[in-house]
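# Architecture and fold: a report
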Amino acid sequence: MKIKNKVNMLSFFYNIIRPFKWVFFGIIICVGITSLSVYSFFWFMKYLVDALTVCSTDMSKIGDVYKYAIFVISTIMIYETSARLREYLQLQMIPKMKKNIIDSLSGKTFAYSYNFFQNFTPAKFVYAVLQTSESTADIFIDYAVDFLKTIFSLSLACVSLFYVDIYLGYLGLIWIAIWMFAGFLLSKKTHTMSYKLADLRSSLSAKWNNTFDNIDSVFVYNGSENELAKNQKNSTDVMNQDKKLSKYIFKVMSVQGSVVVGITGIAFLYMIGLFKKGVITPGDFLLVGETIHHISHNLWEFAQDLSWLVTDIGRIKQGLDMSTSDSIQRNGEIQKINFKNHDIKIQNISFAYSDKEVFSHDGILNIPQGKKIALVGSSGSGKSTFVKLMLGLEYPQKGEIFLGQNNTKYMNEYDLRENFALIPQDPKVFEDTIFNNIRYGSFSATREEVIEYAKKAQIHNFIMTLPDQYETMIKNTSLSGGQRQRLMIARGLLRNAKVFIFDESTSALDTITEKDILNAIEEIDSSKTKFIIAHRLYTIKNSDHILVFQHGKIVQQGSHDSLILQNGLYQELYKIQIQN
Ligand SMILES: Nc1ncnc2c1ncn2[C@@H]1O[C@H](COP(=O)(O)OP(=O)(O)OP(=O)(O)O)[C@@H](O)[C@H]1O
Ligand SMILES: [Mg+2]
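Keep in mind that this is a model prediction, so the values were computed, not measured. (Residues numbered from 1 in each chain as written. Chains lettered and ligands numbered in written order. Predicted model: local features only at pLDDT ≥ 70, side-chain atom pairs only at ≥ 80, totals over all residues. Heavy atoms only, no water.)

UniProt marks residues 25-288 with the feature "domain: ABC transmembrane type-1" (unreviewed entry), using the numbering shown here. This span, residues 25-288, is 89% helix and 0% strand, and a straight line between its end C-alpha atoms measures 31 Å. (UniProt positions renumbered as here; feature names shortened; annotations may be inferred. Helix = DSSP H or I, 4+ residues; strand = E, 2+ residues; numbered from the N terminus.)

See below:
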């Protein structure tokens, strides 16, 4: 079943703002009060100027001057208070909102299939998520709120203009309408350009990440110049796209700037005419002058905000597209689980990566609980794939896999994987303490248990030589391959699993350590099923059953004694190893 994970941008915004709806509402109220106080200021200034004009011939009206002066000062005070309150409310909302976005986009990825992560570039993803969180915060504060402020302010401006003169009102209205319409049309192009820019930027971050991931090869093969050249090509692409976008915004702004100058000129000439005719008072002149200035300032901000808004929407869309994806998941609905035993049954399965079959098995393969099964065969023959299918990391396109009485394709992944302990072929540790790395096998394990299994995995003595012992912080590069393998073995053994899978987990160990670990594997409770993938056949000779893999198929199976007697791959491999 294909699960669509595409997120609709509006529903994304809605979910993000929901926990802050009251704070956001408060911010909008503050913005309303700020805009209103600006226009109250203009109006009281008009009355103040008119009162001053009267006083120049009749000083007995000086009381009005005081009154309007107090009103003017009060509006400034209200303006300042509401503006500070708005900033305070933003402070309460923005950092938390950004955190929520990062957590939710990153956390969502766990719902995707293992397959999703095969074509996944962590650096690109992390960059996109961070960018999305920044841009979303901008959307709410710099744009949503500011647009409301602009619309409110422009409406008040029109009211003021219409009050003074009907033609001035129309002039203002037409000016605002044309500008906004043009702004919307032009922003479409900016949007496409900025989406591409965001994509190029995250690719650049991925390229550098890949370089640093391979730093050993870069040093050993003197590849630094090659890396620099390769990545510079990407940074040049970013620069070019950035320039293209900035140039476009520059052009749009230049056109809009000229319009502002023209309109202001026309309005002022017209107003001087009105003043000469005695139709408007000095106060009206001041009011209209300030209003026109305010309109042009608001439109200017609007145009600028609009171009940055579409840039941010481009970034968010790119981030959401990347952090959400179609993923192939189990192809059935979840059913209730029921275990009488933990036998494994594999039935006529076939699995392909994009139409290239990598493993198939015709007929039924029964693996009773408690058996020790070995998987051998050449590199790339499908052994690790077989394990991924059992664990539900991949699902076969055809056929069934049963764990106990349950068809795994109807099992919840958590319920399924709880039964397994996998010691992977390519051991990787978390950047964390040794203790936490081992305890990952069982989050409820005690310190004593962690130490007990570290001893079984032959890693305890090494840990005790470290300065902080079990509390030592580790990462992949700070341990040898064999040390990482032993940590993984300790983690796996710690798990109270029904099925243990060792995927070449002693391949990097010396023969003596390997022998000790094989003994520890032998000691695992005999009711547990054990799968051991190995190239060195002496390590699996005593298995109950051996599956021989070749070209994505099980070509032979049986005990060691029966297989060496058959003409076939197993005998061939065995002879070569004995000769060596
Ligand atoms: N994510 C993937 N996408 C495409 N092909 C893949 C993927 N993972 C594995 N393969 C292919 O599937 C085939 C089987 O791989 P698998 O890892 O199962 O081999 P293996 O028997 O475990 O080999 P080895 O002994 O080297 O570990 C290989 O040809 C491999 O290239
Ligand atoms: Mg493998």
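This part takes up the packing of helix α2 (residues 21-55) against helix α3 (residues 62-108). Across the interface, α2 lies against α3 with an axial gap of 8 Å and an inter-helix angle of 165°. Here α2 is positioned roughly antiparallel relative to α3, judged by the angle of their axes. As α2 runs across α3, the sense of the crossing is left-handed. Taken together, the residues that form the contact of α2 with α3 break down as 28 nonpolar, 7 polar and 2 charged. (Axes fitted to C-alpha atoms, helices over the stretch in contact; angles between N-to-C directions. Parallel < 35°, antiparallel > 145°, perpendicular 65-115°, else oblique. Left-handed = near helix turned anticlockwise from the far one by under 90°. Nonpolar A, V, L, I, M, F, W, Y, C, P; charged D, E, K, R; others polar.)

As a further point, take a positive patch on the surface. A cluster of basic residues, K189, K196, K243, K244, K247 and K251, forms a positive patch at the surface. Contributing elements (two or more residues each) for the positive patch: α5 (166-213) and α7 (224-276). Per-element accounting of the positive patch gives the leading share, 4 residues, to α7. By the element assignment, K244 lies in helix α7. With a relative accessible area of 49%, K244 lands in the partly exposed category. (Patch = residues over 30% accessible without salt bridge, like charges linked within 9 Å, V, L, I, M, F, W, Y side chains within 5 Å. Areas by Shrake-Rupley, 256 points an atom, 1.4 Å probe, with all protein chains shown as cover. Salt bridge = Lys/Arg side-chain N within 4 Å of Asp/Glu carboxyl O. Lys, Arg positive; Asp, Glu negative; His and termini not counted. Charge placed at Lys NZ, Arg CZ, Asp CG, Glu CD. Buried < 20%, exposed > 50% of the residue type's maximum accessible area, 1.4 Å probe, protein only.)

Per the UniProt record, "transmembrane region" (unreviewed entry) is annotated on residues 20-45, 170-187 and 248-272. Helix makes up 100% of residues 170-187 and strand 0%, and the two end C-alpha atoms of the span are 26 Å apart. Spanning residues 248-272, this segment combines 100% helix with 0% strand, and its end C-alpha atoms are found 37 Å apart.

At Q458, a residue that is not glycine, the phi angle is positive and equals roughly 60°. Of note, Q458 is situated in the loop between α12 (447-456) and α13 (460-464). With phi around 45°, Q469 is a residue other than glycine that occupies positive phi space.

This part covers the environment of R447. Within the fold, R447 resides in helix α12. On the basis of relative accessible area, R447 is assigned to the partly exposed category, the value being 36%. When the C-alpha atoms of R447 and Y112 are compared, they prove to be 33 Å apart, with 335 residues separating the residues in sequence. Here R447 is in contact with F435, Y470 and E471, once residues within four sequence places are set aside. At 2.6 Å, the side chain of R447 and the side chain of E471 are in polar contact. (Contact = heavy atoms within 4.5 Å. Polar contact = N/O pair within 3.5 Å; in protein donor to acceptor, adjacent residues only side chain to side chain.)

On to the sheet that holds strand β4 (residues 356-367). Spatial ordering of the open sheet is given by β4-β3-β6-β7, a layout of 4 strands whose pairing is antiparallel. On the outer flanks of this sheet lie β4 and β7 (406-407), each paired with one strand and no other. Two strands pair when backbone bridges link them, and strand β3 (residues 344-353) and strand β6 (residues 398-403) are joined in this way by 5 bridges, in the antiparallel orientation. Bridging from a neighbouring strand, I344 pairs with L403 of β6. Set on the sheet, helix α9 (residues 383-391) makes contact with β3, β4 and β6; between it and β3 the angle comes to about 115°. (Pairing = 2+ DSSP bridges.)

The next point concerns the side chain of E227. Mapped onto the fold, E227 is located in helix α7. Side chain to side chain, E227 and T211 meet in a polar contact 2.6 Å long. E227 has contacts with T211 and V218, leaving out every residue within four places of it along the chain.

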